[in-house]
Amino acid sequence: MRAIFSLLCFILCATALQAQERRGSHCIALAGAAPGLQYLHQASWQAPVAKDSVHIRYIAHASFLIRTEGGLNIVTDFTGFTGSAPLIPDVVTMNHAHETHWTAHPDPAIPHVLQGWGPPGAGIDHFLDLGEMLIRNVSTDIRNMFGGVEVRGNSIFVFEAAGLCIGHLGHLHHVPTPEQFAALGRLDVVMAAVDGGITLPLEQMLEVLGRLRSSVIIPMHWFSDYSLERFLARIGPEFDVVDDGASELTVSLRSLPGRPTIHVLRPKFLLEDE
């Protein structure tokens, strides 16, 4: 009987450990042509995330909620406000090019606040392993308010979970160097600013997206339908476009499209009664 009890304990412990482990990603692997299936849309951002999947909700401007199967909540370019829902994220990331990408007063209850900048010129390096998700960054330069360059003042944050690599380009102001592209690795999903001027000029952003060849590209940082449509008109025939009015999607390795796809999400704050 004692042997059976010990065996059951071992099985339960092993199962719990497996549930918390992160499925290995292929960030540094060469881009592959995964067969495209379909996206799964959730009725609510609070609904459980499907197995081996990541749920992405466009909140506003450059802020996204990224949720994992195990219940981690990450908010990108956190401004201190996500809507009426009383959400305390597990992790927030920030960039300080403009006030719409960071807050000086994040809720002290947030366990991990990751700034995308460090001391002037030094930048900052993050490698946060949460078990189910690994969060790291690649520093890039930004223009400062006086027209100069702030070296390593922006961070491209990469979120590895469910075997996926999800990248948020932040307030990108230049085409990454070969070394920076190498550090990013293969991004399955990327959030890219497409305003065409305040961040990266449109031609250069198209160059970046062509180089990344991510399976899913989510436009962000567009201030009107005009700027969004201008981007979509210039993206080229090698990219498919999905614009169904949704604010969120669930993506997995199984659902990655076979060719690069622009997936337009409509920003929507998080609502308590949603």
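These numbers were taken from a predicted model, which means no experiment stands behind them. (Residues numbered from 1 in each chain as written. Predicted model: local features only at pLDDT ≥ 70, side-chain atom pairs only at ≥ 80, totals over all residues. Heavy atoms only, no water.)

Asks: Now, about the overall build of the protein: what can you tell me, with residues and values included?
Replies: From N to C terminus, the protein includes four helices and 14 strands. For the protein, restricting intrachain contacts to residue pairs at least 6 apart in sequence, the fraction spanning at least 24 positions comes to 60%. By element, 60% of the accessible surface of the protein is carried by carbon and sulfur atoms, the whole surface being about 12700 Å². (Helix = DSSP H or I, 4+ residues; strand = E, 2+ residues; numbered from the N terminus. Contact = heavy atoms within 4.5 Å. Areas by Shrake-Rupley, 256 points an atom, 1.4 Å probe, with all protein chains shown as cover.)

Asks: Break down the sheet that holds strand β7 (residues 133-143) for me, with residues and values.
Replies: Taken in spatial order, the eight strands of this open sheet run β6-β7-β8-β9-β10-β11-β14-β12, and their pairing is mixed. The sheet is open, and its two borders are formed by β6 (127-129) and β12 (240-242), each paired with just one other strand. Taken over all neighbouring pairs, the strand axes of this sheet differ in orientation by 25 degrees on average, direction set aside. In this sheet, strand β8 (residues 149-161) lies alongside β7 in antiparallel orientation, the contact comprising 10 bridges. Within β8, the residue paired with I142 across the bridge is E150. Contacting β10 (189-193) and β11 (216-220), helix α3 (residues 202-212) crosses the sheet at an angle of about 175 degrees to β10. (Pairing = 2+ DSSP bridges. Axes fitted to C-alpha atoms, helices over the stretch in contact; angles between N-to-C directions.)

Asks: Can you lay out the nonpolar core for me, pointing to particular residues and giving the numbers?
Replies: I56, I135, I166, L169 and F231 are the most contacted members of the largest nonpolar core, which has 58 residues in total. The leading source of residues in this core is α3, at six residues. Once you skip the residues sitting within four places of it in the chain, I135 turns out to touch I74, V91, L114, H126, F127, L128, L130, F157, V158 and F159. If you look at the next biggest cluster of nonpolar residues, it comprises 13 residues, including I59, V75, L87 and W117. (Core = buried A, V, L, I, M, F, W, Y, C linked by side-chain atoms within 4.5 Å. Buried < 20%, exposed > 50% of the residue type's maximum accessible area, 1.4 Å probe, protein only.)

Asks: Please give an account of the packing of α3 against helix α4 (residues 225-234) that cites residues and values.
Replies: Contact pair α3 / α4: the axes reach a minimum separation of 11 Å and the direction vectors enclose 55 degrees. In terms of orientation, α3 and α4 fall into the oblique class. For the pair α3 and α4, the crossing hand works out as right-handed. On the side of α3, the interface is formed by L202, E203, L206 and L209, while α4 contributes R230, F231 and R234. By residue class, the composition of the contact of α3 with α4 is four nonpolar, no polar and three charged. (Parallel < 35°, antiparallel > 145°, perpendicular 65-115°, else oblique. Left-handed = near helix turned anticlockwise from the far one by under 90°. Nonpolar A, V, L, I, M, F, W, Y, C, P; charged D, E, K, R; others polar.)

Asks: I'd love a proper account of the pattern of salt bridges, names of residues and values included.
Replies: Throughout the structure, instances matching the rule amount to 10 salt bridges. One salt bridge connects R57 with E274, and the closest N-O pair in it is separated by 2.9 Å. Residue R57 is located in strand β1 (residues 53-60), and its partner E274 is located in the segment after β14 (261-263); the two are separated by 217 residues in the primary sequence. With its nearest N and O atoms 4.0 Å apart, the salt bridge here joins R186 to D188. The buried category is assigned to R186, whose relative accessible area is 7%. The exposure class assigned to D188 is buried, which follows from its relative accessible area of 1%. Connected via shared salt-bridge partners are R57, E248, K268 and E274. (Salt bridge = Lys/Arg side-chain N within 4 Å of Asp/Glu carboxyl O.)

Asks: Go over α4 with me, naming the residues and quoting the values.
Replies: Each α-helix turn comprises 3.6 residues. Residues three or four places apart therefore point the same way. Within α4, burial applies to S227, L228, F231 and L232. Angular distribution of buried residues about the axis of α4 spans 135 degrees; they occupy a single face of the element. Pointing more than 90 degrees away from the buried face of α4 are the exposed residues Y226 and A233. Tucked into the core, α4 has its buried residues touching α3, β11, β12 and β14. Backbone geometry just downstream of α4 places G236 in the positive-phi region, at approximately 100 degrees. (Arc of directions from axis to C-beta.)

Asks: Please give an account of the environment of L200 that cites residues and values.
Replies: By the secondary structure assignment, L200 is in the loop between β10 and α3. With a relative accessible area of 0%, L200 lands in the buried category.

Asks: An account of the packing of aromatic side chains is needed here, citing residue identities and associated values.
Replies: Throughout the structure, instances matching the rule amount to three aromatic pairs. Here W102 and W117 contribute two aromatic rings whose centre-to-centre distance is 5.5 Å and whose plane-to-plane angle is 80 degrees, an arrangement assigned as edge-to-face. One end of the pair, W102, is in the loop between β4 (91-94) and β5 (112-115); the other, W117, is in the loop between β5 and β6, with 15 residues separating them in the sequence. In this structure W102 comes out as partly exposed when scored by relative accessible area, which is 27%. One residue, R211, lies across the ring of F181, its end atom 4.3 Å from the ring centre. (Phe/Tyr/Trp six-rings, centres within 6.5 Å; stacked < 30°, edge-to-face > 60°. Lys NZ or Arg CZ within 6 Å of the ring centre and 35° of its normal.)

Everything listed here is a matter of geometry and, on its own, says nothing about what the molecule does.
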